[in-house]
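# Residue-level structure breakdown
Each chain, letter by letter, is given below.
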Amino acid sequence: GYISLETARLLENEIWGQGFPAPLFLDEFEVEQQRVLKEKHLKLKLRKGNTRIEAIQFNFSTQPGNKTRAAFRLSINEYMGVESPQLMVEYLE
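Just so you know, these numbers come straight off a predicted model, no measurement behind them. Each residue is numbered by its place in its chain's sequence as written, counting from 1. Predicted model: local features are reported for residues with pLDDT of at least 70 only, side-chain atom pairs are reported and counted for 80 or more only, and whole-chain, interface and lining totals are derived from all residues. Only hydrogens and water are set aside; all other atoms, that is, all heavy atoms of the structure, feed into the side-chain values.

Okay, the overall build of the chain next. The secondary structure listing takes helices from DSSP runs of H or I that are at least 4 residues long and strands from runs of E that are at least 2 residues long, numbered from the N terminus. Tallying secondary structure elements over the chain gives 1 helix and 5 strands in all. Tracing the chain from N to C terminus, the helices and strands come up as α-β-β-β-β-β. With C-alpha atoms as the basis for the radius of gyration, the globule rule is written as 2.2 Å multiplied by the number of residues raised to the power 0.38. Computed over its C-alpha atoms, the radius of gyration of the chain comes to 13 Å, within 12% of the 12 Å expected for a compact globule of 93 residues. Projecting the C-alpha coordinates of the chain onto the three principal axes gives extents of approximately 35 × 30 × 25 Å. Residue contacts are defined here by distance: any two heavy atoms, one from each residue, within 4.5 Å place the two residues in contact. Considering only contacts within the chain whose residues lie at least 6 apart along the sequence, 51% involve residues at least 24 apart.

Further remarks concern the pairing of strand 5 (residues 82–92). A pair of strands is considered paired only if DSSP assigns at least 2 bridges between the two. Of the pairings in the sheet, the one linking strand 3 (residues 51–57) to strand 5 comprises 3 bridges and is parallel in character. By the bridge assignment, Ile56 is partnered in strand 5 with Met88. Across 10 bridges, strand 4 (residues 67–79) lies against strand 5 in antiparallel orientation. Across the sheet, the residue bridging to Ala70 is Leu92, located in strand 5. The turn linking strand 4 back onto strand 5 is made up of 2 residues, and Met80 within it adopts a positive phi angle of 55 degrees.

Moving on, we come to the nonpolar core. Core analysis: the largest hydrophobic core is formed by 19 residues, its most contacted members being Ile3, Phe29, Leu44, Leu46 and Leu87. Tallying contributions element by element places strand 4 first for this core, with 4 residues. The contact partners of Leu46, leaving out residues within four places of it in the chain, are Phe29, Glu30, Val31, Thr51, Arg52, Ile53, Ala55, Thr68 and Leu87. Residues belong to a common nonpolar core when they are buried Ala, Val, Leu, Ile, Met, Phe, Trp, Tyr or Cys residues joined through side-chain atoms within 4.5 Å. Three exposure classes are used, based on accessible area relative to the maximum for each residue type with a 1.4 Å probe and protein chains only: buried under 20%, partly exposed in between, and exposed over 50%.

So, about the confidence of the model for the chain. The quantity called pLDDT is the predictor's confidence in a given residue, expressed from 0 to 100. Per-chain confidence: the chain averages 92 in pLDDT, with 100% of residues scoring 70 or above. Taken element by element, the chain is modelled with least confidence in helix 1 (residues 5–12), mean pLDDT 90, and with most confidence in strand 2 (residues 41–48), mean pLDDT 96.

Next up on the list: the sheet that holds strand 2. Pairing between the strands of a sheet comes from backbone hydrogen bonds, and it takes one of two forms, parallel or antiparallel. Strand order in the closed barrel formed by 5 strands is 1-2-3-5-4, and the pairing between neighbours is mixed. Adjacent strand axes in the sheet meet at a mean angle of 45 degrees, parallel and antiparallel pairs treated alike. Strand direction decides the pairing type here: strand 1 (residues 25–37) and strand 4, joined by 6 bridges, are antiparallel. Looking at strand 4, one finds that Glu30 is bridged to Lys67. Helix axes are fitted to C-alpha atoms over the stretch in contact, other axes to C-alpha atoms as well, and angles between N-to-C directions run from 0 to 180 degrees.

What follows is about helix 1. Considered for burial, the residues of helix 1 that qualify are Leu5, Ala8 and Leu11. For helix 1, the angular spread of the buried residues around the axis is 125 degrees, confining them to a single face. Set apart from the buried face of helix 1 by more than 90 degrees, the exposed residues are Glu6 and Leu10. Turning to helix 1, the residues buried within the fold contact strand 1, strand 4 and strand 5. This arc is taken over the directions from the axis of the helix to the C-beta atoms.

Encoded structure:
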């Protein structure tokens, strides 16, 4: 329930900075799709129950299998005027 556009907007409106970083979440997901962008970024389509969510990991080192545990920050992705929640992955297991 916390992976939503509303929660992402609440977090985005707070002030984060050095010594006070934005919250980092940890959860398990099924990996529905993955692709490598520009040979260094990993774009994922993840599923948690009935919820599907886009995710990206910049400068990734390993690709996940069918399931993964991810440490991530919640953000907003805007594409062609449409906003949706997106996971900014810090670490994948």
